[in-house]
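The residues making up each chain are set out below.
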Amino acid sequence: LQGIFVLGLPYALLHSGYSGLLLIVLAAALCCYTGKILIACLYEENEDGQLIRVRDTYEDIANACCKKLSPRLGGIVVNVTQVVELIMTCILYLVVSGNLLSHSFPYVPMTEKTWSVIAFVTLLPCIFIRTLKIVSKLSQLCSLVHFVIIFVVITYCVTQMHQWSWAKFGLSLEFENFLVSVGVIIFSYTSQIFLPTLEGNMKNPGEFRCMLNWTHFFACILKTTFALTAFLTWGEKTKEVITDNLPSFLETLVNLCLLTKALLSYPLPFFAATEIVYSCISKDNHTNYRSPLLVLTVRGSFLLLTLLMAMFTPHFALLMGLSGSVTGAAMTFLLPSLFHLKLKWKKLSFLEKCADISVFILGFLCSLAGIVCSIKGLLEVFG
């Protein structure tokens, strides 16, 4: 729940004002809700009225919804969407790593692309990651580093409390900038891709809903505190990545922590994407046998793909925004609400149906607005 997007939250407040604080809370509630209804789609009631887990993955849910059209159509759409989003996330981590290294060592005569290659070399061991346990340990380290970054920024902001002023919050908003803020805030919470696997690996899956409530609650508190203290400190001078506002000695320290976080974050989306692809290949071959050569080939190809796109794709940030508006909104809002309505329609109350339909419409509008803004930005750049 705590990603690179968090560092852009103060900048989002700059363009959204008081409504940004409300959006942080609303996004937490909506993402928590869609996570719950997505997991609900994994279960069906048996003859005794007990809930039984009859599906294991996002793909299984999609196939169940689209089985009348085609047995595998829904799964294919979901898998392609997941892989695109995960790979774009991996590429973003490489681009960010190159940028952070370049800013941390400005006197070294290397380009950002060269630094990205160096970061890529440190990620080569990802080819040999075989289990989710290793990924989870790296993710724990990643979370620890993230809290160090948040602690450093908030501590510095508290020392500047004497210059805080609520007058820094603006009421007049520019629509396009507000949409950017909405995207940053919403996508700082997205985790739906990983939830079916996470719930399936819990020792007590019955505690999943409680876990989701508490994690989103604490994430909301942390993000609100972080965004608010940082914005009150720098006001209109708030930059897109808040660490750029820090004094030089702290900026270098935090940038190195961010680099560590980016490199530790890479294995999770990388592992998830390669597992999806390998699973599809195994199903096509009607076998679950894991050929070591095939696994290494798939993972090696994905690693190389992320490097090549990070190196040679122009205006990657705009392309990331475009794909994120499509895949992110789809996986977080559109598909969970649509699948829940499809599979549980007869058992849903009127209010639950209204909630799902409202989430779907909201997700569609967010996606459409993000696509329009991203395409406009690409046209301006290439024009």
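Preceding this section is the structure that the text describes.
Chains are numbered independently. Their residues run from 1 in the order of the written sequence. The predicted nature of this model means local features are confined to residues of pLDDT at least 70 and side-chain atom pairs, given and counted, to a pLDDT of 80 or more, with totals for whole chains, interfaces and linings taken over all residues. Hydrogens and water are ignored here; the side-chain numbers use all heavy atoms of the structure.

## A word on the overall build of the protein
Here is step 1: Helix numbers and strand numbers start at the N terminus; a helix is a DSSP run of H or I with at least 4 residues, a strand a run of E with at least 2. From N to C terminus, the protein includes 14 helices and two strands.
Here is step 2: Relative to its length of 383 residues, the protein is compact, with a C-alpha radius of gyration of 21 Å against a globular reference of 21 Å.
Here is step 3: In terms of overall dimensions, the protein has C-alpha extents of about 65 × 50 × 45 Å along its principal axes.
Here is step 4: Each residue is assigned to one of three classes by its accessible area relative to the maximum for its type, calculated with a 1.4 Å probe on protein chains only: buried under 20%, partly exposed between the two thresholds, exposed over 50%. Burial analysis of the protein (383 residues in total) assigns 48% to the buried set.
Here is step 5: By definition, residues are in contact when any of their heavy atoms lie within 4.5 Å. For the protein, long-range pairs separated by at least 24 residues make up 79% of all intrachain contacts whose partners lie at least 6 apart in sequence. To get the radius of gyration, use the C-alpha atoms; to get the globule rule, take the number of residues to the power 0.38 and multiply by 2.2 Å.

## Remarks on a nonpolar patch on the surface
Here is step 1: The patches reported here contain residues having more than 30% relative accessible area and no salt bridge. Joining distances are 9 Å for like charges and 5 Å for nonpolar side chains (Val, Leu, Ile, Met, Phe, Trp, Tyr). All accessible areas in this document rest on Shrake-Rupley with a 1.4 Å probe, and a residue is counted as covered only by the protein chains that are shown. Think of a salt bridge as a Lys or Arg side-chain nitrogen and an Asp or Glu carboxyl oxygen that are within 4 Å of each other. On the surface, Ile 357, Ile 361, Phe 364, Leu 365, Leu 368 and Val 372 cluster together to form a nonpolar patch covering roughly 530 Å² of accessible area.
Here is step 2: Mapping Phe 364 onto the fold places it in helix H14 (residues 350-382).

## Structural notes on the side chain of Asn 245
Here is step 1: Within the secondary structure, Asn 245 is located in the loop between helix H9 (208-234) and helix H10 (248-265).
Here is step 2: In protein, a polar contact means a hydrogen-donor-capable atom and an acceptor-capable atom, both N or O and within 3.5 Å, with residues adjacent in sequence counting only if both atoms are side-chain atoms; elsewhere, any N or O pair within 3.5 Å suffices. A distance of 2.9 Å separates the side chain of Asn 245 from the backbone nitrogen of Lys 239, its partner in a polar contact.
Here is step 3: For Asn 245, the residues in contact, after removing those within four places along its chain, are Trp 234, Lys 237, Thr 238 and Lys 239.

## A look at the packing of aromatic side chains
Here is step 1: Pairs were defined over the aromatic rings of Phe, Tyr and Trp, the Trp ring being its six-membered one, requiring ring centres within 6.5 Å. Orientation was assigned from the angle between planes: stacked under 30 degrees, edge-to-face over 60, tilted for the rest. All told, the structure shown has seven aromatic pairs when counted by the stated rule.
Here is step 2: Here Phe 217 and Phe 218 contribute two aromatic rings whose centre-to-centre distance is 5.4 Å and whose plane-to-plane angle is 70°, an arrangement assigned as edge-to-face.
Here is step 3: The exposure class assigned to Phe 217 is partly exposed, which follows from its relative accessible area of 42%.
Here is step 4: Taking relative accessible area as the criterion, Phe 218 reaches 49% and is therefore assigned partly exposed.
Here is step 5: Their ring planes at 25° and their centres at 5.6 Å tell us that Tyr 266 and Phe 270 sit as a pair that is stacked.
Here is step 6: Among the aromatic residues, ring-to-ring pairing joins Trp 214, Phe 217 and Phe 218 into one connected group.

## Looking at H14
Here is step 1: Working rule for helices: expected span equals 1.5 Å times residues minus one. Look at H14: 48 Å from first C-alpha to last across 33 residues, which is about the 48 Å you get at 1.5 Å a residue.
Here is step 2: Three or more residues of H14 are buried, namely Lys 353, Asp 356, Val 359, Gly 363, Ser 367, Ala 369, Gly 370, Ser 374, Gly 377 and Leu 378.

## A closer look at the packing of helix H2 (residues 18-40) against H14
Here is step 1: The angle between two axes is taken between their N-to-C directions and runs from 0 to 180 degrees, where each axis is a line fitted to C-alpha atoms and a helix contributes only its stretch in contact. Orientation of H2 relative to H14, taken along the N-to-C sense of each, is 115°, at an axis distance of 12 Å. Remark: the crossing between H2 and H14 carries left-handed chirality. In this structure, H2 uses Leu 30, Tyr 33, Thr 34 and Ile 37 to contact H14, whose residues at the interface are Glu 352, Ala 355, Asp 356, Val 359 and Leu 362.
Here is step 2: Each residue gets one label: Ala, Val, Leu, Ile, Met, Phe, Trp, Tyr, Cys and Pro are nonpolar, Asp, Glu, Lys and Arg are charged, and the others, such as Gly, are polar. A breakdown of the residues in the contact of H2 with H14 according to their chemical character gives six nonpolar, one polar and two charged. Two helices crossing with the near one rotated counterclockwise from the far one by less than a right angle form a left-handed crossing, whereas a clockwise rotation gives a right-handed crossing.

## Considerations on the environment of Ser 181
Here is step 1: With respect to the helices and strands, the residue Ser 181 is situated in helix H7 (residues 175-187).
Here is step 2: Remark: the alpha-carbon pair of Ser 181 and Phe 217, spanning 36 residues in sequence, is separated by 20 Å.

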